[in-house]
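Each chain is listed here by its residues.
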Amino acid sequence: NAGVTQTPKFQVLKTGQSMTLQCAQDMNHEYMSWYRQDPGMGLRLIHYSVGAGITDQGEVPNGYNVSRSTTEDFPLRLLSAAPSQTSVYFCASGKAEINEQFFGPGTRLTVL
Amino acid sequence: SQQGEEDPQALSIQEGENATMNCSYKTSINNLQWYRQNSGRGLVHLILIRSNEREKHSGRLRVTLDTSKKSSSLLITASRAADTASYFCATLRMDSSYKLIFGSGTRLLVRP
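Residues numbered from 1 in each chain as written. Chains lettered and ligands numbered in written order. Predicted model: local features only at pLDDT ≥ 70, side-chain atom pairs only at ≥ 80, totals over all residues. Heavy atoms only, no water.

**Re the sheet that holds strand β7 (residues 61-66) of chain B**
All names here are of chain B. Pairing in this open sheet of 5 strands is antiparallel, and the strands run β1-β3-β8-β7-β6 from one edge to the other. Each of the sheet's edge strands pairs with one partner strand only, and the pair in question is β1 (5-7) and β6 (55-58). Here the average twist between neighbouring strands, direction ignored, is 20°. When strand β3 (residues 19-24) meets strand β8 (residues 71-76), the two strands line up antiparallel, connected through 6 bridges. Paired with Ala-19 across the two strands is Ile-76, which belongs to β8. (Pairing = 2+ DSSP bridges. Helix = DSSP H or I, 4+ residues; strand = E, 2+ residues; numbered from the N terminus. Axes fitted to C-alpha atoms, helices over the stretch in contact; angles between N-to-C directions.)

Here it is in structure tokens:
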């Protein structure tokens, strides 16, 4: 099993550009989520999904969209990048019981 | 604001000593989880304790939960240099939001 994979590993955007961060898991997990981690900080929940076709907002959803058309994939879209979105983004997945979460390696995003 | 707050923010100990980290949270929870993050990497699940449990052990880890004080502690016994990492608590709230919220973390340095 590949576990949770994220692409790209690094990305530089200009203010106003849009892009999609990819996240995929091969463990048939129902629960998937996106977090952002700023330097020296904890993780803040952006969006999450409890199954295909179901998504909901986390703590800091503004400026981001998600969709969950399949169990495996949970892409995160930045609509119009801003410097405040410079961060490391982590995708995670787990069973419906929301116990142990498996994290991807992260995407380091810089917005100039 | 974040659900969980860890204390202390940073901890430096000698190899062989015990390390204790605390986590406080604000709302009723379903479960509380501890994760470890090595520098620049994704998070790894360590242990989960449910709201009806008071103590749990896993190897050199001991977790306690006091729901009346809305707090938890993580004890790492006989620490090793390889335990150097950041440690985060995460709480799954009792409401139907299915949000797993992370605290701000404790940075642990174990000196050889």
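**Some words on unusual backbone geometry**
Here the bond from Thr-7 of chain A into Pro-8 of chain A is cis, since omega is -5°, no more than 30 degrees from zero. Looking at where Pro-8 of chain A falls in the secondary structure, it is placed in the loop between β1 (4-7) and β2 (10-13). Pro-8 of chain B follows Asp-7 of chain B through a cis peptide bond whose omega is 0°. Take Pro-8 of chain B: it is sitting in the loop between β1 and β2 (10-14). Located in the positive-phi region is Ile-98 of chain A, a residue other than glycine, with phi close to 55°. Considering the arrangement of structural elements, one finds Ile-98 of chain A in the loop between β9 (87-94) and β10 (102-103). For Ala-78 of chain B, which is not glycine, the phi dihedral falls at a positive 45°.

**Topic: the interface of chain A and chain B**
At the interface, 22 residues of chain A touch 21 residues of chain B. Considering only the side of chain A, the residues that lose the most area to chain B are Leu-43, Ile-98 and Phe-103 of chain A, jointly responsible for 27% of the buried surface there. Remark: the boundary between chain A and chain B carries 0 salt bridges. The interface formed by chain A and chain B contains 7 residue pairs in polar contact (both at pLDDT 80 or more). Residue assignment for the side of chain A that touches chain B shows that the elements contributing at least two residues are β4 (31-37) and β5 (43-51) of chain A. Top contributing element to the side of chain A that touches chain B by residue count: β5 of chain A, with 5 residues. Residues belonging to the side of chain A that touches chain B are distributed by class as follows: 11 nonpolar, 7 polar and 4 charged. (Contact = heavy atoms within 4.5 Å. Buried area = accessible area lost by both parts, 1.4 Å probe. Salt bridge = Lys/Arg side-chain N within 4 Å of Asp/Glu carboxyl O. Polar contact = N/O pair within 3.5 Å; in protein donor to acceptor, adjacent residues only side chain to side chain. Nonpolar A, V, L, I, M, F, W, Y, C, P; charged D, E, K, R; others polar.)

**Some points on the state of the cysteines**
Counting across every chain of the model gives 2 disulfides over all chains. Across the disulfide, Cys-23 of chain A is cross-linked to Cys-91 of chain A (sulfur-sulfur distance 1.8 Å). Taking the torsion about the S-S bond as the criterion, the Cys-23 of chain A to Cys-91 of chain A disulfide, at about -70°, is left-handed. Taken together, the positions of Cys-23 of chain A in strand β3 (residues 19-25) and Cys-91 of chain A in strand β9 put the pair 68 residues apart, joining distant regions of the chain. Across the pair, exposure class does not vary: Cys-23 of chain A and Cys-91 of chain A are buried alike. Paired through a disulfide, Cys-23 of chain B and Cys-89 of chain B show a sulfur-sulfur distance of 2.0 Å. Sign of the S-S torsion, about 65° for the bond between Cys-23 of chain B and Cys-89 of chain B, identifies this disulfide as right-handed. Highlighted residues: Cys-23 of chain B in strand β3 and Cys-89 of chain B in strand β9 (residues 85-93), separated in sequence by 66 residues. (Disulfide = S-S within 2.5 Å. Buried < 20%, exposed > 50% of the residue type's maximum accessible area, 1.4 Å probe, protein only.)

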